[in-house]
Amino acid sequence: ERHWSTGRAMNNLAYLYELLGGVEKAVPLYEEVLQLRRDFYGPEHVDTLDAASNLADALASLGRLEEAEMILRDTIAIETRVQGERHPSTLITVNNLASVLREQGSLSEALELAAAVTELQIEALGPDHPNSLIFASNHALVLIELGRYQEADRSLEALIERAREILPSDHEITGVLYTRHGRALREQEKLEAAESALLEARRILIDGVGVEGERREQLFQHFHDLYEAWGRPDARQAALEVMHTAD
């Protein structure tokens, strides 16, 4: 039955599928939720915009980047008109678009957007807001893709130090920052330092937070890439063993 409460239940189920790594099952549910909210609330309602962002994130996770980009651009246009460019929701959507563009290889636009949205985020909510740390680290990821490894290294190192000062001990965001720093270090062939950073990420994210599904697999891939770059023919097994010790 088409009812707003049905949409809420479907949205919760889709989110659960995502947590368990079943993004492909989440997408049709998010699509239905978005249509329901458009029908009941209209295209500019905050719940409709939230549903659009959820769908775009799920599509991006499946590699359906052009579809995600289109939804995000449409959502940003509405959010900017209705809520303003400095509204937290608008900033999050712009940040997500920058990430999708980075994954597509549209690095010039991704860098411009990531830098701009980080600046707006800091102006709106301050440098110590958790999203400010994440947005700045997303900017660093674009720098990595552009081969500007030292800039990314310095940025991520500073962000980790700040996160350690302002966030609760072993916060999830701190673990994400260590993961990204590990990649920047690996790209510079600082392999021992990269391993130390990734081990700290694993301690926080796996041992502490207990991430599962796609995010756990992403961390495993970072270890695999590190040991492969290290010239370890047993890279996959080494990565599996490192992750296994977290169980």
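So, here is what we can say about the structure in this document. Quick caveat: nothing in here was measured; it's all calculated off a predicted structure.

1. Quick word on the packing of helix α11 (residues 213–229) against helix α12 (residues 235–244)
Across the interface, α11 lies against α12 with an axial gap of 8 Å and an inter-helix angle of 135 degrees. By the angle between their directions, the pair α11 and α12 is classed as oblique. The element α11 and its partner α12 pack so that their crossing is right-handed. Contacts between α11 and α12 pair R216, L219, F220, F223, H224, Y227 and E228 from the former with A235, R236, A238, A239, L240, V242 and M243 from the latter. Per-class residue counts for the contact of α11 with α12 are 10 nonpolar, 1 polar and 3 charged.

2. Some points on the environment of L146
Residue placement: L146 occurs in the loop between α7 (130–145) and α8 (149–166). Remark: the alpha-carbon pair of L146 and S108, spanning 38 residues in sequence, is separated by 8.9 Å. Residues contacting L146, with those up to four places away along its chain left out, are L107 and L111.

3. Topic: the pattern of salt bridges
Within this structure, the stated rule accounts for 19 salt bridges. Residues E123 and R86 are paired through a salt bridge, measuring 2.8 Å at the closest nitrogen-oxygen approach. Taken together, the residues span a long stretch of sequence, with E123 in helix α6 (residues 107–125) and R86 in the loop between α4 (65–82) and α5 (88–104) at a distance of 37 residues. Here R86 falls in the partly exposed class, since its relative accessible area comes to 42%. Of the charged contacts, one joins K190 and D153 as a salt bridge, the two residues approaching to 3.6 Å between their closest N and O atoms. Here the residue K190 occupies a position in the loop between α9 (172–187) and α10 (191–209), and D153 occupies one in helix α8, the gap between them amounting to 37 residues. In this structure D153 comes out as buried when scored by relative accessible area, which is 8%. Several salt bridges share partner residues, and in doing so they unite E145, R183, R186 and E187 into one network.

Reading the values: rules and limits
- All residue numbers here refer to positions counted from 1 along the written sequence of the relevant chain.
- The predicted nature of this model means local features are confined to residues of pLDDT at least 70 and side-chain atom pairs, given and counted, to a pLDDT of 80 or more, with totals for whole chains, interfaces and linings taken over all residues.
- As a rule here, side-chain values come from all non-hydrogen atoms in the structure, and water together with hydrogens is ignored.
- Helix axes are fitted to C-alpha atoms over the stretch in contact, other axes to C-alpha atoms as well, and angles between N-to-C directions run from 0 to 180 degrees.
- For the purposes of this entry, the term helix denotes a DSSP run of H or I that reaches at least four residues, the term strand denotes a run of E that reaches at least two, and both are numbered from the N terminus.
- Working rule for angles: under 35 degrees goes down as roughly parallel, over 145 as roughly antiparallel, 65 to 115 as roughly perpendicular, anything else as oblique.
- Left-handed describes a crossing whose near helix is turned anticlockwise from the far helix by less than a right angle; the clockwise case is right-handed.
- Should any heavy atoms of two residues lie within 4.5 Å, those residues are considered in contact.
- Charged residues are taken to be Asp, Glu, Lys and Arg, nonpolar residues to be Ala, Val, Leu, Ile, Met, Phe, Trp, Tyr, Cys and Pro, and polar residues to be all remaining types, Gly included.
- For this analysis, a salt bridge means a side-chain nitrogen from Lys or Arg found within 4 Å of a carboxyl oxygen belonging to Asp or Glu.
- Residue exposure (1.4 Å probe, protein chains only): buried if accessible area is under 20% of the type maximum, exposed if over 50%, otherwise partly exposed.

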